[in-house]
Amino acid sequence: MTKSGDDPAFFRLLPSYGVPQRVINTLISNYDLPVPYSLNNPPSELHEAQWIYLYGTTGTGKSTYAAYLMSLFLRARARLGEAVVDIRKASDDDTHVSRGGALQDQVCYRYVRVTELLHAMKEDFNSDLNYGQHLFNSCRRASILVLDDLTSQLSQWELAQLDYLIDRRYGDELKTIITSNHSLERLKRVIGSERIPGRIGEVAHMKRMKRMYR
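The structure contained in this document is the topic of the report that follows. Computed from a predicted model, the values in this text were never measured in an experiment. (Residues numbered from 1 in each chain as written. Predicted model: local features only at pLDDT ≥ 70, side-chain atom pairs only at ≥ 80, totals over all residues. Heavy atoms only, no water.)

## Comments concerning the overall build of the protein
If you tally the helices and strands in the protein, you get eleven helices and five strands. For the protein, the residues scored as buried account for 51% of the 214 residues in total. For the protein, restricting intrachain contacts to residue pairs at least 6 apart in sequence, the fraction spanning at least 24 positions comes to 79%. Of the roughly 10,600 Å² that the protein leaves accessible, carbon and sulfur atoms contribute 46%. (Helix = DSSP H or I, 4+ residues; strand = E, 2+ residues; numbered from the N terminus. Buried < 20%, exposed > 50% of the residue type's maximum accessible area, 1.4 Å probe, protein only. Contact = heavy atoms within 4.5 Å. Areas by Shrake-Rupley, 256 points an atom, 1.4 Å probe, with all protein chains shown as cover.)

Shown next, in the form of structure tokens:
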């Protein structure tokens, strides 16, 4: 990929979509966005399936690659005029970044860790803010959603929430990128459900991650 001088500036917009800073730092160190800012030469999995399932052991760059794929769509939409943004100016404007930038006016993208989403929803039981429900709704409606780290065993309540989210996105044909330490066969045993891996398996391009990040 060709190096673009404003890649780090563009990547600085990503926290407003939920991407953790550690992931962004690794992204800046390991990836360059393609030039021109379009989907002319994207990774093939972007067009092979509506969903993408990235799996592999810890440290293979699943979260970083998921953020990279989301970045391609953000960059492409800015290039196509669907979301007008001055990348350098926006990345230096903390107010602009905190509200998601001009891009968020046109399309909703969301990156969330599975544990973060479920924890926020549980916190709603003890709060009137309903942050968890707002987060869940943004994940349900997002044009592109990254569900990071679907790895741990889940309670029946957690399974029900995740099953509803995945089923709605499946039915609405919304692009979803999921990362996990497990293959789908192993995921069935770990989370105690065949329904969620089954839905993923119907529509997702599978990509086993092997590259190690240090």
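Having seen it, we continue.
## Observations regarding the packing of aromatic side chains
Under the defined criterion, the tally for this structure stands at seven aromatic pairs. Three or more aromatic residues joined by ring pairs form one cluster here, namely Tyr31, Tyr65 and Tyr68. Stacked on the ring of Tyr170, the Lys or Arg Arg199 has its end atom at 4.1 Å from the ring centre. (Phe/Tyr/Trp six-rings, centres within 6.5 Å; stacked < 30°, edge-to-face > 60°. Lys NZ or Arg CZ within 6 Å of the ring centre and 35° of its normal.)

## A few points about the sheet that holds strand S3 (residues 144-148)
Across the sheet, which stays open at both edges, the five strands sit in the order S2-S3-S4-S1-S5 with parallel pairing between neighbours. Edge positions in the sheet fall to strand S2 (109-113) and strand S5 (204-208), since each has one partner strand and no second. Looking at each pair of strands side by side, their axes are set apart by 15° on average, direction ignored. Two elements, S2 and S3, share five bridges in a ladder whose sense is parallel. Within the sheet, the bridge partner assigned to Arg110 lies in S3 and is Leu145. (Pairing = 2+ DSSP bridges. Axes fitted to C-alpha atoms, helices over the stretch in contact; angles between N-to-C directions.)

## Notes on the side chain of Glu158
Residue position: Glu158 is located in helix H9 (residues 156-172). With sequence-adjacent residues up to four places away left out, Glu158 is seen in contact with Leu118, Lys122 and Gln153.

## What to know about the packing of helix H7 (residues 114-123) against helix H8 (residues 131-141)
Where H7 meets H8, the axes come as close as 6 Å, and the angle between the chain directions of the two elements is 140°. One way to sum up the angle between H7 and H8 is to call them oblique. Between H7 and H8 lies a crossing of left-handed hand. Seen from H7, the contacting residues are Glu116, Leu117, Ala120 and Met121; seen from H8, they are Tyr131, Gly132, Leu135, Phe136 and Cys139. Split by residue class, the contact of H7 with H8 holds seven nonpolar, one polar and one charged. (Parallel < 35°, antiparallel > 145°, perpendicular 65-115°, else oblique. Left-handed = near helix turned anticlockwise from the far one by under 90°. Nonpolar A, V, L, I, M, F, W, Y, C, P; charged D, E, K, R; others polar.)

## Considering the layout of surface pockets
The calculated volume of the largest pocket comes to roughly 500 Å³. Together, 20 residues line the largest pocket, and Val23, Gly59, Gly61, Ser63 and Thr64 are the ones closest to its centre. Every element with two or more residues in the lining of the largest pocket is listed here: helix H2 (21-30) and helix H4 (62-79). (1 Å grid on protein atoms, 1.4 Å probe; cavity = no way out; pocket = protein on both sides within 12 Å on 5 of 7 lines; lining within 4 Å. Points joined across faces, edges and corners; volume = space filled by probe spheres on them.)

## Comments concerning the nonpolar core
Core analysis: the largest hydrophobic core is formed by 28 residues, its most contacted members being Leu117, Leu147, Leu150, Leu162, Leu165, Ile196 and Ile200. Of all the secondary structure elements, the ones that give two or more residues to this core are strand S1 (51-55), H7, H8, S3, H9, helix H10 (184-191) and helix H11 (195-203). The element that contributes the greatest number of residues to this core is H7, accounting for five residues. Ignoring any residue separated from it by four or fewer positions in sequence, one finds Leu147 in contact with Val112, Val114, Leu117, Leu162, Leu165, Ile166, Ile177, Ile178 and Thr179. (Core = buried A, V, L, I, M, F, W, Y, C linked by side-chain atoms within 4.5 Å.)

By themselves, these observations are geometric and do not establish any function.
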